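What follows is each chain in one-letter form.
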Amino acid sequence: MPRIAYFGPQGTFTEQAARSLAGDEELTPVETISAALTSVRKGEADAACVPVENSVEGPVTATLDGLAEEAPLVAVAEALLPVHFSVLAREDVETVRTVASHPHALAQVRLWLERNLPEARTVVASSTAAAAVAVQRGEYDAAVTAPVAVEHYPLRVLATGVADVPDARTRFLLLRPPGRLPEPTGADRTSIVAAAANRTGALAELLTELATRGINLTRLDARPIKGNFGMYRFFIDFEGHVAEPRIGGALAALRRRCNNVRFLGSHPRADGVAATIEPGAANDDFVNAKAWVDAVRRGELA
Ligand SMILES: O=C(O)C(=O)C[C@]1(C(=O)O)C=C[C@@H](O)C=C1
């Protein structure tokens, strides 16, 4: 049976995302984001499900760095989950001296912890569910977890619906080795990572290739190229699908300007938001303009 390796253990937000994206695949928890990517690269799993972006804390850097290096993986689908947390503990609130969770989760409940558990020290765990496991083992007193975690780790529920920022969301990717791409839907996202040359205007040139084709960006993140102080690679997400002429044209131009571009996927957006189309930048405009140039070259039009 095909397998999806997800950032676990059981009871993470990522497991919920993987469930929503899985067809008949079996779900296998792994301890880290990097282990999920490695299991696909080694052929031990057919796909990996990992978090990529949170509306409060921003990029999930382990995912970005893991996609920029080693064998290419391509995002074929995404899930967007509302994020609010439960606080689980072995005993009562009075006994809580340590609270563990994933750094993204701790950052999303900082105010709540200051108000409700001001004496407690925060401790970083590899994931929200790993924090619950550590509480069960007696290593820490409380864990900030996904609401589903209590179904796997029967701890005391000290609080539910905990979130400093209402309506927080995390976006997750389903990644596979390069292969057949999902069909375009009109509400798609394309992702690339590019290492712009270290010279004046290099990043602006890349972004201009997108802007002049009327392509709307949805995310731009910089990550250091490790071992090269001061050098960065740029993760760029934008509306549209590589099958569309305007997106294909933009990717060709990026490749022309920068030989270090990696395609990270074109897939339907989980929020279903259709691509913004600027005047003169619809796919038909690109197709018709190319047909005109072809006719000019054949000497049929002027
Ligand atoms: O999937 C989980 O539960 C995680 O621990 C990861 C993660 C994240 O990386 O952002 C997922 C969603 C929440 O925003 C907090 C933590």
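Predicted, not measured: the structure shown is a model, and the values here were computed from it.

Conventions adopted
Residues numbered from 1 in each chain as written. Predicted model: local features only at pLDDT ≥ 70, side-chain atom pairs only at ≥ 80, totals over all residues. Heavy atoms only, no water. Helix = DSSP H or I, 4+ residues; strand = E, 2+ residues; numbered from the N terminus. Buried < 20%, exposed > 50% of the residue type's maximum accessible area, 1.4 Å probe, protein only. Pairing = 2+ DSSP bridges. Axes fitted to C-alpha atoms, helices over the stretch in contact; angles between N-to-C directions. Contact = heavy atoms within 4.5 Å. Near = heavy atom within 4 Å. Polar contact = N/O pair within 3.5 Å; in protein donor to acceptor, adjacent residues only side chain to side chain. Areas by Shrake-Rupley, 256 points an atom, 1.4 Å probe, with all protein chains shown as cover. UniProt positions renumbered as here; feature names shortened; annotations may be inferred. Arc of directions from axis to C-beta. Core = buried A, V, L, I, M, F, W, Y, C linked by side-chain atoms within 4.5 Å.

Q: How do you make sense of the environment of Thr208 when you look at a structure like this?
A: Inspection of the secondary structure puts Thr208 in helix α8 (residues 202-211). Judged by its relative accessible area of 42%, Thr208 falls in the partly exposed class. Separated by 42 residues in sequence, Thr208 and Ala250 have C-alpha atoms that sit 9.6 Å apart.

Q: Which parts of the structure should I look at to understand the sheet that holds strand β8 (residues 121-124)?
A: Pairing in this open sheet of five strands is mixed, and the strands run β8-β7-β9-β6-β10 from one edge to the other. At either end of the open sheet lies a strand with only one pairing partner, and these are β8 and β10 (156-162). Between one strand axis and the next, the sheet turns by 25° as a mean value, whatever way the strands run. Here strand β6 (residues 85-89) pairs with strand β9 (residues 142-145) via four bridges, running antiparallel. The residue bridging Ala89 from the neighbouring strand is Ala142, located in β9. Contacts from helix α6 (residues 128-136) reach β6, β7 (98-101) and β9, with the element oriented near 160° to β9.

Q: I tried to follow the site of the ligand on my own but got confused; where do I start?
A: Neighbouring the ligand are 14 residues, the closest being Phe13, Thr14, Gln108, Thr128 and Thr170. Between the ligand and Asn54, the relevant distance is 3.4 Å, taken from an oxygen atom to a side-chain nitrogen or oxygen of the residue. Burial of the ligand by the protein chains amounts to 100% of its free accessible area of 360 Å². Elements represented by at least two residues in the shell around the ligand include exactly α1 (13-21), β3 (47-54) and α4 (103-108).

Q: I tried to follow the sheet that holds strand β13 (residues 217-224) on my own but got confused; where do I start?
A: Two orientations exist for strands paired in a sheet by backbone hydrogen bonds: parallel and antiparallel. Pairing is antiparallel in the open sheet, where four strands are placed in the order β13-β14-β12-β15. Edge positions in the sheet fall to β13 and β15 (261-268), since each has one partner strand and no second. If you compare each strand with its neighbour and ignore which way they point, the axes differ by 15° on average. Sheet strands touched by α8: β12 (188-194), β13 and β14 (232-239). Its angle to β14, the strand with the most contacts, is close to 10°. Packed on one face of the sheet, helix α9 (residues 245-257) meets β12, β14 and β15 and runs near 170° to β14.

Q: Just checking my understanding: could you explain the UniProt feature "domain: ACT" (unreviewed entry) in the protein for this structure?
A: Mapped onto the present numbering, the UniProt feature "domain: ACT" (unreviewed entry) falls on residues 191-269. The span residues 191-269 shows a helical share of 29% and a strand share of 35%, and its end C-alpha atoms are spaced 12 Å apart.

Q: When you look at helix α2 (residues 33-41) in this model, what are you seeing that I'm missing?
A: It helps to recall that an α-helix has 3.6 residues per turn; residues three or four apart then point in one direction. Listed as buried for α2 are Ile33, Ala36, Leu37, Ser39 and Val40. The arc enclosing the buried residues of α2, seen along the axis, measures out at 160°, which places them on a common side. Trailing α2 by a residue or two, Gly43 shows a phi angle of about 80°, which is positive.

Q: How should the nonpolar core be read in this particular structure?
A: Within soluble globular proteins, side chains that are nonpolar generally end up buried alongside one another. With 34 residues, the main nonpolar core has Cys49, Phe85, Val99, Trp112 and Leu174 as its most contacted residues. Excluding its chain neighbours within four sequence positions, the residues that come into contact with Trp112 are Val87, Leu117, Ala159, Val162 and Asp164. Counting residues in each nonpolar core, the second largest holds 22 residues, with Ala45, Val52, Leu73 and Phe235 among its members.

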